[in-house]
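One letter stands for each residue in the lines below.
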Amino acid sequence: MIENLLFCLNATVPIFLLMVLGYFFKAINIFNDELTKGINNFVFKIALPVLVYNELATSEVEELWDTGFVLFCFMATLASILIGLGISFLFKDKAIRPEFIQGTYRSSAALLGVGIATNLYGSAGMTPLMIIGAVPLYNISAVVVLTAGKGEGGLTPKLIRKTLWGVATNPILIGVFLGIIRGLIPVAILLPKTTYYVGSLATPLGLMALGASFNFKEAITKIGPTATATMLKLVGFCALWIPIAVALGYTHEKLIAILIMAGSPTTVSSFVMAKSMGYNGTVSAGIVMLTTILSAFTLTLWLYILKTMCLI
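Bear in mind that the values here come from a model prediction, so they are computed numbers and not experimental data. Along each chain, the written sequence defines residue order, and numbers are assigned to residues from 1. For a predicted model such as this one, the threshold for reporting local features is a pLDDT of at least 70, and the threshold for listing and counting side-chain atom pairs is 80 or more; totals across whole chains, interfaces and linings nevertheless cover every residue. Side-chain numbers come from the whole structure's heavy atoms, not from hydrogens or water.

> Kindly report on the overall build of the protein chain, identifying the contributing residues and their values.
Helix and strand assignments come from DSSP, with helices taken as H or I runs of at least 4 residues and strands as E runs of at least 2, each series counted from the N terminus. When helices and strands are counted, the protein chain shows 15 helices and zero strands. Relative accessible area decides the class of each residue, using a 1.4 Å probe on protein chains only: under 20% of the type maximum gives buried, over 50% gives exposed, and in between gives partly exposed. Burial analysis of the protein chain (312 residues in total) assigns 50% to the buried set. Within the protein chain, contacts between residues at least 6 apart in sequence are counted, and of these 86% link residues at least 24 apart. Of the roughly 14700 Å² of accessible surface on the protein chain, 70% is carried by carbon and sulfur atoms. Contacts between residues were defined by any pair of non-hydrogen atoms, one from each residue, lying within 4.5 Å. Areas reported here follow the Shrake-Rupley algorithm with a probe of radius 1.4 Å; residue values treat only the protein chains shown as occluding.

This is the structure in structure tokens:
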């Protein structure tokens, strides 16, 4: 039992200590807002795409690919969005509903997924395939939900084209697809050390920048929707999708990817997008902060349960 607990702590504690370190660096003025913004930009546009590219380019893509798994991730994400939409009608304030919905389903799938999978198995595992199934839907649904919530102009052809272009040019998805293509080409890989060095920066830099981005002075005035979204994000969706995944025969790397998709904290980009589209952002900020803090405990608990059941 102690061995199982240590196994789980080894996967999660280093992840969250890096966030704490980033927050500490911000507190002592080593990190500032400009630096943090630059690091986030570098990690999202360069380091993470290179990391997932490396994982796929050096793997046996034909053996790794699983259409059923990708479809499961897509359908689970779509169902989660609809569940969040249904629950949002419980709140009388219509202005917070879009932020609530977005906060319930948008996970830090790439950053947290790669970090935890690497700690457990030494590689990103099935995280890239989970990204293919879930991340495009994350982005498209966020635009639809936030636009519909504002009720200003609706989903115009221009906005639809902009959304699809944004998904098509998503750096992480580009890294995934280039990695798949490269993995199918039977030619020796050039400059593997260079791409390895760049990709290895993604997890530590990204997590420290995430910690430095926290603003605990942000008052959580909407505790009802914030707490509800947090419970749904960290507990509810895991309790729903993990048993179904196990029933379908998914274990080990695939189950870890599904756990991250369903139960990792809400991504900071949900707050950024809400603010950029004219929302107050208080609910989004509260969900991001609360899910990130509490996921240190919930993810460890879920990993412990799965390890005890010999599923990972």
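From this point, the narrative continues.
> If you had to explain the nonpolar core to someone new, which residues and values would you point to?
Core analysis: the biggest nonpolar cluster contains 81 residues, and Phe69, Met130, Ile131, Leu259 and Met261 have the highest contact counts within it. Looking at this core element by element, the count peaks at 10 residues for helix H7 (residues 127-150). Grouping buried Ala, Val, Leu, Ile, Met, Phe, Trp, Tyr and Cys residues that are joined through side-chain atoms within 4.5 Å yields what is termed a nonpolar core.

> Describe the environment of leucine 48, listing the residues and the values that go with them.
In this structure, leucine 48 sits in helix H2 (residues 33-57). Note: C-alpha distance between leucine 48 and leucine 173 (125 residues apart in sequence) is 9.9 Å.

> Residue-level account of helix H15 (residues 282-308), with values.
What a helix should span is 1.5 Å times the count of its residues minus one. The first and last C-alpha atoms of H15 sit 38 Å apart over 27 residues, in line with the 39 Å expected at 1.5 Å per residue. Residue serine 295 marks the point of greatest curvature in H15, where the axis turns by about 50°. Among the residues trailing H15, cysteine 310 stands out with phi positive, at a value near 60°. A residue's bend is simply the angle between two axes: one fitted to the seven residues ending at it, one to the seven starting at it.

> Explain the packing of aromatic side chains to me, and be specific about the residues and the numbers.
Ring pairs are drawn from Phe, Tyr and Trp, using the six-membered ring of Trp, whenever the two centres fall within 6.5 Å, and their geometry is named by plane angle: stacked under 30 degrees, edge-to-face over 60, tilted for the rest. Taken as a whole and judged by the stated rule, the model has eight aromatic pairs. A ring pair is formed by phenylalanine 69 and tyrosine 250, whose centres lie 5.5 Å apart and whose planes are at 85°; its orientation type is edge-to-face. With phenylalanine 69 in helix H4 (residues 67-88) and tyrosine 250 in the loop between helix H12 (223-247) and helix H13 (252-263), this pair connects stretches of sequence that are 181 residues apart. Overall, phenylalanine 69 belongs to the buried group, its relative accessible area being 0%. Judged by its relative accessible area of 10%, tyrosine 250 falls in the buried class. Among the aromatic side chains, those forming a connected cluster through ring pairs are Phe69, Phe72, Trp241 and Tyr250.

> Tell me about a nonpolar patch on the surface, and name the residues and values.
The patch calculation keeps residues exceeding 30% relative accessible area without a salt bridge and links them within 9 Å when they carry like charges or within 5 Å when they are nonpolar (Val, Leu, Ile, Met, Phe, Trp, Tyr). Here a salt bridge means any side-chain nitrogen of Lys or Arg lying within 4 Å of a carboxyl oxygen belonging to Asp or Glu. Taken together, the side chains of Leu6, Leu9, Val13, Leu17 and Val20 present a nonpolar region at the surface, about 420 Å² in accessible area. As for its position among the elements, leucine 6 is in helix H1 (residues 2-27).

> An account of the pattern of salt bridges is needed here, citing residue identities and associated values.
One pass over the structure, following the stated rule, counts two salt bridges. For lysine 26, the salt bridge is made with aspartate 33, and the minimal N-O distance between the two is 3.0 Å. The partly exposed category is assigned to lysine 26, whose relative accessible area is 24%. The salt bridge partner of aspartate 66 is lysine 254, with a shortest N-O separation of 2.4 Å.

> Account for the confidence of the model for the protein chain, naming residues and giving values.
Confidence of the predictor at the level of single residues is captured by pLDDT, which takes values from 0 to 100. When pLDDT is averaged along the protein chain, the result is 81; 88% of the residues meet or exceed 70. Looking across the protein chain, the model is least confident in helix H3 (residues 61-64), with a mean pLDDT of 71, and most confident in H4, with 94.

> So what's going on with the side chain of serine 80? Residues and values would help.
Mapped onto the elements of the fold, serine 80 is located in helix H4. Two N or O atoms count as a polar contact when they lie within 3.5 Å, although within protein this holds only if one can serve as hydrogen donor and the other as acceptor, and sequence-adjacent residues are included solely when both atoms are side-chain atoms. At 2.7 Å, the side chain of serine 80 forms a polar contact with the backbone oxygen of alanine 76. Ignoring sequence-local partners within four residues, the contact set of serine 80 consists of Tyr105, Phe237 and Trp241.

> Can you tell me about the packing of H4 against H13, naming the residues and giving the values?
For any two helices packed against each other, one specifies the inter-axial angle together with the distance between the axes. Every axis in this analysis is a line fitted to C-alpha atoms, fitted for helices over the stretch in contact. Angles between the N-to-C directions lie between 0 and 180 degrees. Viewed as axis vectors pointing N to C, H4 and H13 meet at an angle of 20°, and their least axial separation amounts to 11 Å. Judged by the angle between their axes, H4 and H13 are roughly parallel. Relative to H13, H4 is oriented so that their crossing is right-handed. Between H4, through Phe69, Phe72, Cys73, Ala76 and Thr77, and H13, the contact on the second element is made entirely by Lys254, Ala257, Ile258 and Met261. The class makeup of the residues in the contact of H4 with H13 is seven nonpolar, one polar and one charged. In these notes the angle categories are as follows: under 35 degrees is roughly parallel, over 145 is roughly antiparallel, 65 to 115 is roughly perpendicular, and the rest is oblique. Rotating anticlockwise by less than a right angle from the far helix to the near helix defines a left-handed crossing, while the corresponding clockwise rotation defines a right-handed one. When residues are grouped by polarity, Ala, Val, Leu, Ile, Met, Phe, Trp, Tyr, Cys and Pro land in nonpolar, Asp, Glu, Lys and Arg in charged, and all others, Gly among them, in polar.

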